[in-house]
Structure formats: C-alpha cells, structure tokens
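# Overview (structure and organization)
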Amino acid sequence: MKVLGIESTAHTLGIGIVDEEEIHANVKSMFEPEEGGIHPRKASEHHYQHALEKINEAEAKTDFQLEDLDAIAFSQGPGIPQCLDVGAVLARTLSKKYEIPLIGVNHCLAHISIGIRTTEAENPTTLYISGGNSQILDLRSGRYRVVGETLDIALGNALDKLARKLGYPHPGGPEIERLAEETDEIIEMSYPIKGMDFSFSGLTTEAERKIDQVDDEVLTNSFQEHAYSAAVEALERAMAQEESTEALLTGGVAMNSRLREMVELMCEQRDAEAYFPPHEFCMDNGAMIAHQGLIELKAGRQTSIENSSKKPNWRPDQVEVEWGI
Ligand code: ATP
Ligand code: FE2
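If you're wondering where the values come from, they're calculated on a predicted model, not measured in any experiment.

### Some points on the domain arrangement of the protein
Domain annotation for the protein reports domain 1 (3–111 + 281–318) and domain 2 (124–276). The distance between the C-alpha centroids of domain 1 and domain 2 comes to 27 Å. Opposite the 17 residues of domain 1 that make contact, domain 2 presents 16 residues. Both sides together, the interface formed by domain 1 and domain 2 hides about 1,400 Å², and carbon and sulfur atoms give 62% of it. A per-residue breakdown of the area domain 1 buries against domain 2 is headed by His111, Cys282 and Asp317, which together make up 35% of the total. Summed over the shared surface of domain 1 and domain 2, the result is one salt bridge. Counting the contacts that link domain 1 with domain 2 gives six residue pairs in polar contact (both at pLDDT 80 or more).

Below you can see the structure in the form of structure tokens.
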C-alpha cells in the first residue's frame with residue numbers, strides 16, 4: 001500500500017511517500033527565521049508557498065503517480081496551530097481529489113515508528129528529544145506511556161535559546177555541538193533531573209547568565225554535558241523500571257553525536273542495545289508521517305473529514321495503539 005505523508009507541525013514542511021518495502025520519497029523545505037524563534041504565521045506562509053513544489057518533487061522520486069496512492073496521512077498534532085492547519089488542508093484536498101482515505105497521525109508516535117522501521121529496534125524504550133518535545137516513552141498494554149518528560153521546556157528549545165543568546169541563528173543545536181567539540185573543559189552547573197523527569201529552563205537561564213564570564217566553547221560543552229547526562233540518566237532509570245533491553249533515540253536532538261555516545265555507553269554498561277535512526281529520519285520529515293499512516297491504515301484506521309481538525313496539544317499517551325510495531 002502506498003501512502004503519502006505530510007509533516008507541518010513546526011518549521012519543517014515535509015512530504016514523504018512510502019509503501020511496505022520502500023521509502024520512495026522524503027523531501028522537505030525548512031522555514032528559517034531571519035531572527036528570533038519560529039513565527040507561527042510566517043512559518044505557515046512558508047509551508048503554503050512550498051507545498052505544491054514539494055508534493056511534485058516527492059511524486060517525481062517515485063515510479064508511480066499520485067492517483068496510485070492508497071491514502072494520505074498528515075501530522076494532526078501536537079504542534080503550532082497555524083502550521084498544523086496547512087497539513088490538514090492539504091491532506092483533505094488530496095484525499096478528496098483522489099478519493100482515498102485520510103489519516104491524521106500523532107507526530108510523536110511517528111518519530112518512534114520511523115525509528116523502529118529504520119533500525120533493528122523491536123520494542124524499545126524511546127528517548128524522544130526535539131525542539132518542541134522531550135519525553136521517554138514505553139509501549140505498555142496498548143499505549144505509549146510517557147514514563148519521563150521535561151517539566152518545562154524541551155531540550156532542543158533550550159539549545160536554540162542559548163544559541164540565540166550567543167548570536168547564532170536557528171536551529172541552534174548544531175552550532176552548540178560544533179562549539180562544544182572545541183574543548184574538554186567543563187564547569188559545574190545545576191543538574192536538572194527529578195526521578196525520571198528532567199527540566200532545562202533553569203539550566204538555560206544559568207548558562208545565559210554566564211555568557212560574559214565563560215568562553216562560549218566551555219559554556220556550551222558544560223551545558224551539553226549536564227543536559228544530556230540528565231536525559232540519559234532518566235532514560236536509564238526508565239529502562240530499569242521497564243526491564244527494557246533496547247533504547248531508541250529520536251527527534252532532532254538525536255542527531256547530536258555526544259548524546260549518541262552517552263546513550264551508547266549507558267546501554268553497553270547495562271547489556272542493552274542502543275538504536276539511532278539515520279539523521280534524515282530523526283528530524284521532522286514527511287516519511288515518518290507516511291509510515292505511521294501506512295501502519296495505521298493496515299490496522300483499519302481512517303480519519304473522517306469531521307474528525308480531521310488540528311490537535312495542537314495531542315499527547316502520544318492519548319492514542320490507543322491498535323497496530324503492530
Ligand atoms: P517536534 O515537533 O517533534 O518537537 P521539532 O519541530 O523540534 O520537532 P526536529 O526537526 O525534530 O523539529 O528538531 C529540531 C531541533 O533539533 C532543534 O531544536 C535543533 O536545534 C535540534 N538539533 C538539530 N541538530 C542538532 C544537533 N546536532 N545537536 C543538538 N540538537 C540538534
Ligand atoms: Fe518532531
């Protein structure tokens with residue numbers, strides 16, 4: 001079955017086309033703010049402007065036509081309301097035009113499912129860290145339980161904020177990674193963990209206050225070491241509690257090599273396996289939405305037009321998982 005997926009929850013407009021055997025297309029266009037963070041209206045305008053071009057580009061990567069699709073999937077939430085509208089409108093239009101089912105999927109679950117598809121993971125405990133979300137999830141009795149999460153801002157958002165204060169453009173994560181690699185020195189900062197939850201807001205303020213007192217390299221290295229250690233320690237506790245032998249890292253921050261190294265080391269010490277999807281499937285992308293649509297379609301799920309409104313605060317633990325992973 002062939003499914004086209006539309007991702008538009010935040011800065012990325014992504015179009016993916018997949019079937020059971022192959023990821024045929026995964027194209028994207030990213031909104032890059034001239035200054036500051038993501039402006040909802042400007043991001044949604046970007047998505048509308050690039051929609052047609054990206055759909056055509058995705059179709060051109062396949063050896064079939066859009067008429068041959070079996071369903072259209074879209075990110076129904078969580079995300080920025082104005083951006084979610086773009087995906088929902090596009091998906092309804094395509095579904096009507098080709099008279100094929102519409103499937104609204106949960107963006108967080110799509111991050112996990114594409115991680116499972118593109119690695120050898122089977123039933124992992126997932127550390128999902130991006131600009132808008134930071135959670136530890138585990139599938140138990142038909143639902144992904146959020147066993148740990150940030151008590152305030154997401155880790156990617158914290159990296160973006162610190163980078164902006166240091167004078168770097170959005171997204172800040174890669175720049176912080178590059179600066180941090182320049183040194184081995186770290187200074188002591190607060191260690192933001194509470195059981196299996198973590199928090200990054202206080203650590204970010206603390207780092208911002210030290211900008212004029214500490215070299216950028218040392219500051220970013222210290223921030224990474226403290227924030228990533230807290231996230232990995234929480235993941236380890238969750239794995240111990242769930243008796244899990246597999247860890248999956250996903251979301252935009254999962255592209256960070258120091259974070260990957262820490263997860264790898266922790267898993268090695270517990271005799272567990274660590275799984276990291278290829279970079280293009282860690283960050284927001286259309287293929288993950290198409291794949292989530294595919295597995296839900298195969299389990300008999302569809303979304304009616306009446307139920308296709310955006311869900312900006314849709315949590316992954318609100319979804320009953322009726323499909324095989
Ligand atoms: P979500 O809707 O799932 O919250 P998102 O909108 O944040 O996703 P993603 O593409 O999943 O989008 O993640 C983007 C985040 O990833 C940004 O905060 C960015 O700074 C961060 N990031 C990207 N590359 C790296 C890196 N190498 N190291 C650390 N963080 C990174
Ligand atoms: Fe995402």
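Now, onward.
### Considering the coordination of the iron ion (ligand 2)
Here the iron ion (ligand 2) is held by the protein donor atoms His107 (NE2), His111 (NE2) and Asp284 (OD), which lie 1.9 to 2.2 Å from it. Linear spacing of the donor residues for the iron ion (ligand 2) on their chain is H-x3-H-x172-D. Taken together, the residues His107 and His111, both in helix α3 (residues 107–117) and four residues apart, mark about one turn of the helix. With respect to burial, His107 and His111 carry one shared label: buried.

### Digging into the layout of surface pockets
Taken as a whole, the largest pocket encloses approximately 1,000 Å³ of empty space. Lining of the largest pocket is provided by 45 residues; of these, His11, Ser130, Gly131, Gly132 and Asn133 occupy positions nearest its centre. Mapped onto the lining of the largest pocket, the elements with two or more residues apiece are α3, β7 (134–140), α4 (155–165) and α5 (173–180). If you tally residues by element for the lining of the largest pocket, the top one is α4, at five residues. Classifying every residue of the lining of the largest pocket gives 19 nonpolar, 19 polar and seven charged. Counting contributing residues per domain, the lining of the largest pocket is built from domain 1 (3–111 + 281–318) and domain 2 (124–276), each supplying no fewer than three. Empty space within the second largest pocket amounts to approximately 190 Å³. When residues of the lining of the second largest pocket are traced back to their parent elements, those giving at least two are α5, α7 (216–242) and α8 (257–270).

Conventions adopted
Residues numbered from 1 in each chain as written. Chains lettered and ligands numbered in written order. Predicted model: local features only at pLDDT ≥ 70, side-chain atom pairs only at ≥ 80, totals over all residues. Heavy atoms only, no water. Domains from an automatic or database assignment. Contact = heavy atoms within 4.5 Å. Buried area = accessible area lost by both parts, 1.4 Å probe. Salt bridge = Lys/Arg side-chain N within 4 Å of Asp/Glu carboxyl O. Polar contact = N/O pair within 3.5 Å; in protein donor to acceptor, adjacent residues only side chain to side chain. Donors = N, O, S within 2.8 Å, 3.2 Å for Na, K, Ca; no water. Helix = DSSP H or I, 4+ residues; strand = E, 2+ residues; numbered from the N terminus. Buried < 20%, exposed > 50% of the residue type's maximum accessible area, 1.4 Å probe, protein only. 1 Å grid on protein atoms, 1.4 Å probe; cavity = no way out; pocket = protein on both sides within 12 Å on 5 of 7 lines; lining within 4 Å. Points joined across faces, edges and corners; volume = space filled by probe spheres on them. Nonpolar A, V, L, I, M, F, W, Y, C, P; charged D, E, K, R; others polar.

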